[in-house]
Amino acid sequence: MQRLKEKNNQLRQQTVCKICMDKEVAVVFLPCGHLVSCAECASGMKDCPICRVTVKGIVRAFMS
């Protein structure tokens, strides 16, 4: 049971915005392809928070 709880927590952490830690990730940064931000936080980003590459565009990602 503990292993399942840890796995569930790990999966949730992967889908949470790494900037506000509140909303779900929803935007892919171009050209690096990192999926780490919600739409609101992404609008203010000039550089990718993971690799520091200059963001040239963003693409909305839909996960179902």
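Reading the values: rules and limits
Residues numbered from 1 in each chain as written. Predicted model: local features only at pLDDT ≥ 70, side-chain atom pairs only at ≥ 80, totals over all residues. Heavy atoms only, no water. UniProt positions renumbered as here; feature names shortened; annotations may be inferred. Helix = DSSP H or I, 4+ residues; strand = E, 2+ residues; numbered from the N terminus. Contact = heavy atoms within 4.5 Å. Pairing = 2+ DSSP bridges. Axes fitted to C-alpha atoms, helices over the stretch in contact; angles between N-to-C directions. Buried < 20%, exposed > 50% of the residue type's maximum accessible area, 1.4 Å probe, protein only.

- By the naming in an unreviewed UniProt entry, the chain is RING-type domain-containing protein, taken from Lymnaea stagnalis.
- According to the UniProt record, the Sequence similarities (unreviewed entry) comment for the chain reads "Belongs to the IAP family."

**Some thoughts on the side chain of Ser37**
Then, in step 1: Mapped onto the elements of the fold, Ser37 is located in strand β2 (residues 35–37).
Then, in step 2: Those residues in contact with Ser37, other than ones at most four positions away along the chain, are Cys17, Ile19, Val25, Ala26, Val27, Phe29 and Ala42.

**Concerning the UniProt feature "domain: RING-type" (unreviewed entry) in the chain**
Then, in step 1: Under the feature "domain: RING-type" (unreviewed entry), the UniProt entry names residues 17–52.
Then, in step 2: Within the segment residues 17–52, helix and strand shares are 11% and 19% respectively, and the terminal C-alpha atoms sit 16 Å apart.

**Re the sheet that holds β2**
Then, in step 1: Ordered by their spatial adjacency, three strands build an open sheet running β2-β1-β3, and the pairing between neighbours is antiparallel. Of all strands in the sheet, those bounded by a partner on one side alone are β2 and β3 (57–60). Between one strand axis and the next, the sheet turns through 50° on average, direction left out of account.
Then, in step 2: Where strand β1 (residues 27–30) and β2 come together, two bridges link them in antiparallel fashion. In the strand pairing of β2, Val27 is matched with Ser37.

**Quick look at the environment of Ile19**
Then, in step 1: Along the polypeptide, Ile19 turns up in the loop between α1 (2–15) and β1.
Then, in step 2: What makes Ile19 partly exposed here is its relative accessible area of 35%.
Then, in step 3: It is 22 Å that separates the C-alpha atoms of Ile19 and Glu6, two residues lying 13 residues apart in sequence.
Then, in step 4: If we skip the residues at most four places from it in the chain, Ile19 touches Val36, Ser37, Cys41, Met45 and Pro49.

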